[in-house]
Amino acid sequence: MTVIGAVTPNGFEAVNLTTYDYVNNGTEPELLLTNVGPVMLDPTQPVTNNPTPGTNPISYYLYHWVSAVITTGQNQQSQYPGVIITLGNNYYLLHIDPNYIVGPLNSLNTYITKDYGIGQWGCQALYGGMGVGGSWTTCPAPPPGPISTAVYSGYWPQVEINPINNTAIGIDITFPKGTGFIRQPQYFTLYVLSQDSAAWLSPTCQGTHIVTQCTFDMTWIQYPNQQGIACYNHGWTWCTLPQPVTYSIVINMNQELPNRYYLIMVITYPQGYPSQWFIWNITGTTQNYPVCSMHRANQH
């Protein structure tokens, strides 16, 4: 990427440097202005994607949104877009909505054709142009928000994990008061990707308003003073929650609960409107920042 300049406590400094490595000589955070968008560089934070010599070169792209030509185990070569993540001890490309992973990746089976950058800006560069009215589509801003996409406005849904046994969890998902949807959502679906075994799980869910498997109806939600044509039939308007809405769900993984996994939510709107997705990085009962919010640059 090209580093155009840096905003430091001392002011703006022009850099004009093309590199994937940038040295921060101070101890204060710097805001880098780059050709892929702003990148916050904080020397007090641990480096998450600074590979050591001799490691898989794909590690240089960890948490980057990319397009890549990948040769699969069936010796078929195709172009895949997505974000580079780690699952187990290997690197994979994750695409969201539709959900798939490709890998393990290495320099022999993967060629990065375009690097869109890290975090929200890279995600928007990859998915952008598909939204309503030319707006960005499904990429949420870093949590907790507020965010404003083509179809969702407000804070991230809140997730609370409650362990039940070694195969099941209870989960409360709350859409906060003031959350806005561009149209009345149809439903949301939950997906689970294990980070230990690099596998999509096939959980079963229980809870009010369940439609099937782990899909939950959202058409029951009411928006007072927004009834009728504007919110429910057609038109460009925001359906805003006057009170929080909570879904209490039991998710049975139908196998031993993984130590680490990604929880993915996809909210589906009526035809003609893009969906909105969110990702949580779950370890035990703790939710962490998702891959779409990774924004630290390499540093030495």
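First, a word on scope: everything that follows refers to the structure included in this document. (Residues numbered from 1 in each chain as written. Predicted model: local features only at pLDDT ≥ 70, side-chain atom pairs only at ≥ 80, totals over all residues. Heavy atoms only, no water.)

## Some points on the sheet that holds strand S10 (residues 147-148)
Here's step 1: Taken in spatial order, the four strands of this open sheet run S10-S11-S14-S20, and their pairing is antiparallel. The strands lining the two open edges of the sheet, one partner per strand, are S10 and strand S20 (239-240).
Here's step 2: With two bridges joining them, strand S14 (residues 180-181) and S20 adopt antiparallel strand pairing. Residue pairing in the sheet places Gly180 in a bridge with Thr240 of S20. (Pairing = 2+ DSSP bridges. Helix = DSSP H or I, 4+ residues; strand = E, 2+ residues; numbered from the N terminus.)

## Remarks on the pattern of salt bridges
Here's step 1: With the rule as written, the count across this model stands at one salt bridge.
Here's step 2: Measuring nitrogen to oxygen at the nearest pair gives 3.4 Å for the salt bridge that ties Arg260 to Asp196. Highlighted residues: Arg260 in strand S22 (residues 260-268) and Asp196 in the loop between strand S15 (187-194) and strand S16 (199-200), separated in sequence by 64 residues.
Here's step 3: Classification of Arg260 by relative accessible area gives partly exposed; the value is 29%. (Salt bridge = Lys/Arg side-chain N within 4 Å of Asp/Glu carboxyl O. Buried < 20%, exposed > 50% of the residue type's maximum accessible area, 1.4 Å probe, protein only.)

## Observations regarding the environment of Pro258
Here's step 1: By the element assignment, Pro258 lies in the loop between strand S21 (245-252) and S22.
Here's step 2: Take Pro258: its relative accessible area is 10%, and that puts it in the buried class.
Here's step 3: Separated by 57 residues in the primary sequence, Pro258 and Leu201 place their C-alpha atoms 9.6 Å from one another.
Here's step 4: Excluding its chain neighbours within four sequence positions, the residues that come into contact with Pro258 are Ser194, Asp196, Leu201 and Met253. (Contact = heavy atoms within 4.5 Å.)

## Considering the state of the cysteines
Here's step 1: Taken as a whole and judged by the stated rule, the model has one disulfide.
Here's step 2: A disulfide bridge connects Cys205 with Cys214, and the sulfur atoms are separated by 2.0 Å. Its S-S torsion of approximately 95° makes the covalent link between Cys205 and Cys214 right-handed. Comparing Cys205 with Cys214, the two get one shared label, buried. (Disulfide = S-S within 2.5 Å.)

## So, the packing of aromatic side chains
Here's step 1: A full pass over the atoms with the stated rule returns 15 aromatic pairs.
Here's step 2: A ring pair is formed by Phe175 and Tyr247, whose centres lie 6.4 Å apart and whose planes are at 80°; its orientation type is edge-to-face. Of this pair, Phe175 sits in strand S13 (residues 168-175) while Tyr247 sits in strand S21, and the two are 72 residues apart along the sequence.
Here's step 3: Judged by relative accessible area, Tyr247 falls into the buried class, the value being 2%.
Here's step 4: Following the ring pairs from residue to residue traces out a cluster consisting of Tyr152, Trp156, Phe175, Phe181, Phe188, Phe216, Trp220, Tyr223, Tyr247, Phe278 and Trp280. (Phe/Tyr/Trp six-rings, centres within 6.5 Å; stacked < 30°, edge-to-face > 60°.)

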